[in-house]
Amino acid sequence: MFDRFVRLTQARRALAAGRPEEALRLVSDPLVAANRRGEDVRKRALDDLVERARDRANAGDLRGAVRDVESVLAWQRDHALAASLLVELTQKAVLADKDRVAADEASQHVRRLVDAGDLRAAEAHLAAVVQTGAKPELMVVQKAINARRAAALGLLGQVRAAIRSGEVRVALDHVRQAGALDRQAEGLFGARREIAVAMAASLVDTTRAHLERGELALAGGGLARERALLPELVEQEGVRAVQDDVAVALRSAVEANLRAGGLAQALAVVASLDARVLAEPWLSDVAPAMVDLREGFAAAEAGDTAEAAARLSRAAESFDAKVVCAARDAALADVAAISQAVDSARGHVGTGDLGVARKAVENALRRWPLACALHEEMKILDQSALERQRRLAAVREAASVGRLREACGQALALICPGAQGDEARRLQCELQAKLDVVAAGVDQVKRAAHGRGSGSSEGLAHCIARLDEMAAVQSDHEELPRLREALVVERRCLALIGDVTEACAAGAVPPHLVDSVRELVALRTNLLAVERLDARLLETLDAVSRRADVEVMSGRLRGAERCGEALGSLAAVLTTECGRVDSLRARIDAAQRVALDAVQRGRTALSARELDAAESALDLARRAASDDDDVCALERELQALRLRLREVAEVQAMAAKQDFAAAHDRLASLPPTSAAMRTKIFDLKRSLARAQGLDGGFVLRVDEGGEFLVLRRDSLSIGNLRDGRADLVVLANIAGQHARVQRRMSFHGGMEDRIVADRGEVAVNGQAVREHRLRDGDEISLAGQLRFGYRVPSSRSLTTLLRVLGGFQVRGTDKVLLMKDRGRDGRILIGNSKDAHVPVPSDGPEVELFAGLDGQVRIRFEGNGTMDGRPFTGEHPVTAGVVVACGGVAFVLLPMPPG
């Protein structure tokens, strides 16, 4: 008990210090887990956690708030506030995640714009992001933008000084760096134009020097390189003129070499120009022709005649030279010859001569080994051969699994003139032979199915096995599955007929009889001919009818009804036998009426407690319908009544042996009894209460509460011990029947106790009285020798207390409880409350002790208790001598001692 108090104190301190988790851990200790005060601490701690979660959520700490709510739900899964708050926090967390992702994406986009030098777009996007309230750290980016813009302006400020000092390259580097920092920097484009003016003269002079020395590649390369660094150079008139001069010089050099037959020299001129020069717009008039010239001769050397012919044809249009035209004509002739070879091969394919077609392509490849058209045609021939082999393999696979019709159709599609169709023709002949064998076998089974030999299950099994053999050869035969299914159904019908006949010959009608007959009738339509089994169905109907007669005569109406259902199903197809079904149903109805009348008479006899008459009615009902629900219910009631009688006899025997505890336990274990037994059980309980010595009164001995004499009487006489005739005898100098306490119920005042003087003097609170209504706190004096104190301990009970004063005792105690008998309104309260009849130092629930309406003393305790070590809970009867333990309270009831 002290440990429990310590745990509760520690939990309250933790709660007051703002540590609800620690408080929850402390109250989860088994010492205080079931304590009411511990439950209050637990509830307050959970509420504190919910409030803390709300505070964290309002402060933006969603993760901490979710942890607090999940902690609450871990302790109490049905905490409504925590559950609703968790939903709210989850939604907020989802929105916060979306905002965070959007802010991250916006930050990355702004930084990409800054890195690309697009500072204006970066500032505009940054302003939109800041207005949404996302990511305040994005403001740092504005400082980076300002720094880049300032750096760009600083570089541009150094451009003019570099130009004036002749350091044009340095000025160009400054401009390029400024453009990388800020593409829209103020003065950037003007600075580039100034540099272009400064560089133009030098570039023109250098380029013309290369032209004069015949260094065409260097001239063109220099122009392309400088223009790529500074596109504004093309705006300078001198640069445009020198570009045109370079283009004319290059074209003239190529044409002159070609006319002179110097093909290699012309190609060398073209090869000296890199791709950047050939892509320059000022060379667009001659560059494509140069590329076609170069690539055309390269394709001719690689054997790609079609590509060579196309490119050389375009080159010949620009460079009208004999060497180019001759190369073009040769390429065109090769293309025509290759096309002719391909056409010849395709002609052989059309006649089925794939081998000849392949040889034609191979011969052409030996002459033109790199011709793409020939390689493509050879690939097509190879694929065609593979496809034909695949389709032939599919024919064999279909035939191997019995799909002969499918395989035969595929083989017919592969038959073609020539040697290529030989294998398909051979396969088709084999497949047709198998189809003929299967067709002949099916016809043979049809004839056998209509013969005498197929009338038995064995004959049908032989036909089915023969069909299975043919199905292994051909699985796609249209008629074979239907024929086999019909024979299987007929064999199943024969088996069902046998099962029904055997079931009718057995000792009882099985539950599956109706299902078997219904299945038999349903399968009849799937036979080769519906009338094939009608004769056997008629024999089955006779067997079911005979079984139904036996069931009705034996009183087994359920079996007779099942037979009737089976007969109804058979009569649906054998319409001439419907009269049997109607006759059987009439007999079943008559027997049912007889049984119900007998059951009604039996229940009437039970209500009148005439057991012999009920037994007789039950016997008649069982002869008419032994398996009827009402008959069985009546039989169970009679059996239960016989069992209760035996159990009552056992309780009476226990009581005769004064084994009252066992007798009470036996009575308590009895199930609810019928009306015929209730009075007997009630009388037995009353006799037990009297026999065990608790009827008129008893001694209540409570650990740490003392010993009380409990009297269950409406009138209580008080006298001396010598006389011995009073209910309360005291060794005092008073009369033998000096006075009495009279208990009675008043219409207006409720229960009242009155002291009445019989043969002696009586004073209440010092005043002599003949009769007086007692009130809480009154002191009674008998002849000035014996004093009593009168108390009403509790307003919740009509039981009062007489306290013997002056050192006297009554039957070993000085405390007498006047118990209001029969009902909880006279309960004796044992507990740690101020108005308990028996105060005890216990933190547990109160214990109530009262007499039931049957006079039996009972206990009520809202918790788990034991009686002689056996557990109980709630309300339970109490017997004399049993040690009762309820929480921190232990007591025993003892018979009232004599004298």
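For the structure itself, consult the block above.
What comes next is a walk through the structure. (Residues numbered from 1 in each chain as written. Predicted model: local features only at pLDDT ≥ 70, side-chain atom pairs only at ≥ 80, totals over all residues. Heavy atoms only, no water.)

## Looking at the overall build of the protein
Here is step 1: Scanning the protein from N- to C-terminus turns up 31 helices and 20 strands.
Here is step 2: For 899 residues, the compact-globule estimate of 2.2 N^0.38 gives 29 Å, and the C-alpha radius of gyration of the protein, at 59 Å, exceeds that figure by more than 25%.
Here is step 3: Considered along the principal axes of its C-alpha atoms, the protein spans approximately 170 × 110 × 40 Å.
Here is step 4: A fraction of 52% describes how many contacts in the protein between residues 6 or more apart in sequence connect residues 24 or more apart.
Here is step 5: For the protein, the computed accessible surface area is about 46,300 Å², with 52% contributed by carbon and sulfur atoms.
Here is step 6: Treating the 126 positive side-chain charges of the protein as one cloud and the 129 negative ones as another, the clouds have centres 6 Å apart. (Helix = DSSP H or I, 4+ residues; strand = E, 2+ residues; numbered from the N terminus. Rg over C-alpha atoms; globule rule 2.2 N^0.38 Å. Contact = heavy atoms within 4.5 Å. Areas by Shrake-Rupley, 256 points an atom, 1.4 Å probe, with all protein chains shown as cover. Lys, Arg positive; Asp, Glu negative; His and termini not counted. Charge placed at Lys NZ, Arg CZ, Asp CG, Glu CD.)

## Some remarks on the pairing of strand 10 (residues 779-782)
Here is step 1: Where strand 7 (residues 762-764) lies against strand 10, three bridges are found, and the strand directions are antiparallel. When the sheet's bridge partners are listed, Val762 is paired in strand 10 with Leu782.
Here is step 2: Pairing geometry for strand 10 and strand 11 (residues 786-791), over four bridges, is antiparallel. Bridge pairing in strand 11 links Leu782 to Leu786.
Here is step 3: If you look at the hairpin formed by strand 10 and strand 11, you'll find three residues sitting between the two strands, and Ala783 has a positive phi there, around 55°. (Pairing = 2+ DSSP bridges.)

## Observations concerning helix 20 (residues 404-414)
Here is step 1: Regarding helix 20, the residues found buried are Leu404, Ala407, Cys408, Ala411 and Leu414. One side of helix 20 carries all its buried residues, which in axial view fall inside an arc of 120°.
Here is step 2: Packed against the buried residues of helix 20 are helix 19 (372-400), helix 21 (422-449) and helix 22 (457-473). (Buried < 20%, exposed > 50% of the residue type's maximum accessible area, 1.4 Å probe, protein only. Arc of directions from axis to C-beta.)

## Some remarks on helix 27 (residues 578-607)
Here is step 1: Under the 1.5 Å per step criterion, the end-to-end length of helix 27 is 44 Å for 30 residues, consistent within 8% with the ideal 44 Å.
Here is step 2: Regarding helix 27, the residues found buried are Val581, Leu584, Ile588, Ala591, Gln592, Ala595, Ala598, Val599, Gly602, Ala605 and Leu606.
Here is step 3: Phi turns positive one or two residues past the end of helix 27, at Arg609, with a value near 60°. (Expected span 1.5 Å × (residues − 1).)

## What to know about the sheet that holds strand 9 (residues 771-773)
Here is step 1: Overall, mixed pairing links the five strands, which are arranged 4-3-5-6-9 in an open sheet. Of all the strands in the sheet, just strand 4 (728-730) and strand 9 have a single pairing partner and so form its edges. Strand-to-strand twist of the sheet, defined as the mean angle between neighbouring strand axes without regard to direction, takes the value 20°.
Here is step 2: Sheet topology note: the strand 3 (residues 715-720)/strand 4 ladder contains three bridges and is parallel. What sits directly across from Ile718, in strand 4, is Leu728. (Axes fitted to C-alpha atoms, helices over the stretch in contact; angles between N-to-C directions.)

## A closer look at unusual backbone geometry
Glycine aside, the phi torsion of most residues is negative, and most peptide linkages are trans.
Here is step 1: Phi at Glu704 is positive, roughly 60°, even though this residue is not glycine.
Here is step 2: Looking at the element boundaries, Glu704 is found in the loop between strand 1 (697-702) and strand 2 (706-711).
Here is step 3: A relative accessible area of 64% places Glu704 in the exposed class.
Here is step 4: Despite not being glycine, Ala783 shows a phi value in the positive range, around 55°.
Here is step 5: By the element assignment, Ala783 lies in the loop between strand 10 and strand 11.
Here is step 6: A residue is classified by how much of its surface remains accessible, and Ala783, at 30% relative accessible area, is partly exposed.

## Quick word on the packing of aromatic side chains
Here is step 1: Enumeration according to the criterion identifies zero aromatic pairs in this entry.
Here is step 2: Above the face of the Phe708 ring, Lys815 is positioned so that its terminal group lies 5.1 Å from the ring centre. (Phe/Tyr/Trp six-rings, centres within 6.5 Å; stacked < 30°, edge-to-face > 60°. Lys NZ or Arg CZ within 6 Å of the ring centre and 35° of its normal.)

## Describing the nonpolar core
Here is step 1: By size, the foremost hydrophobic cluster in this structure holds 58 residues, and its most contacted members are Ile195, Val254, Leu258, Leu283 and Met290.
Here is step 2: Among the nonpolar cores identified, the runner-up in size contains 44 residues, and Cys463, Ile464, Met470 and Ile588 belong to it. (Core = buried A, V, L, I, M, F, W, Y, C linked by side-chain atoms within 4.5 Å.)

## Digging into the environment of Ile588
Here is step 1: Of note, Ile588 is situated in helix 27.
Here is step 2: The spatial distance from the C-alpha of Ile588 to the C-alpha of Pro281 is 112 Å, given a sequence separation of 307 residues.

## Topic: the environment of Arg391
Here is step 1: Of note, Arg391 is situated in helix 19.
Here is step 2: Its relative accessible area of 34% is what places Arg391 among the partly exposed residues.
Here is step 3: For Arg391 and Ala424, which are 33 residues apart along the polypeptide, the C-alpha to C-alpha distance reads 9.9 Å.
Here is step 4: Filtering out sequence-adjacent residues up to four positions away, Arg391 remains in contact with Ala413 and Leu414.

## Describing the pattern of salt bridges
Here is step 1: This model, assessed by the stated rule, comprises 44 salt bridges.
Here is step 2: Here Arg822 and Asp821 are joined by a salt bridge, their closest N and O atoms 3.7 Å apart.
Here is step 3: Between Arg858 and Glu875 there is a salt bridge; the shortest N-O distance is 2.9 Å. Taken together, the residues span a long stretch of sequence, with Arg858 in strand 17 (residues 857-867) and Glu875 in strand 18 (residues 870-877) at a distance of 17 residues.
Here is step 4: On the accessibility criterion, Arg858 (18% relative accessible area) is buried.
Here is step 5: Each of Arg744, Glu752, Arg754, Glu771 and Arg773 takes part in one network of salt bridges that share partners. (Salt bridge = Lys/Arg side-chain N within 4 Å of Asp/Glu carboxyl O.)

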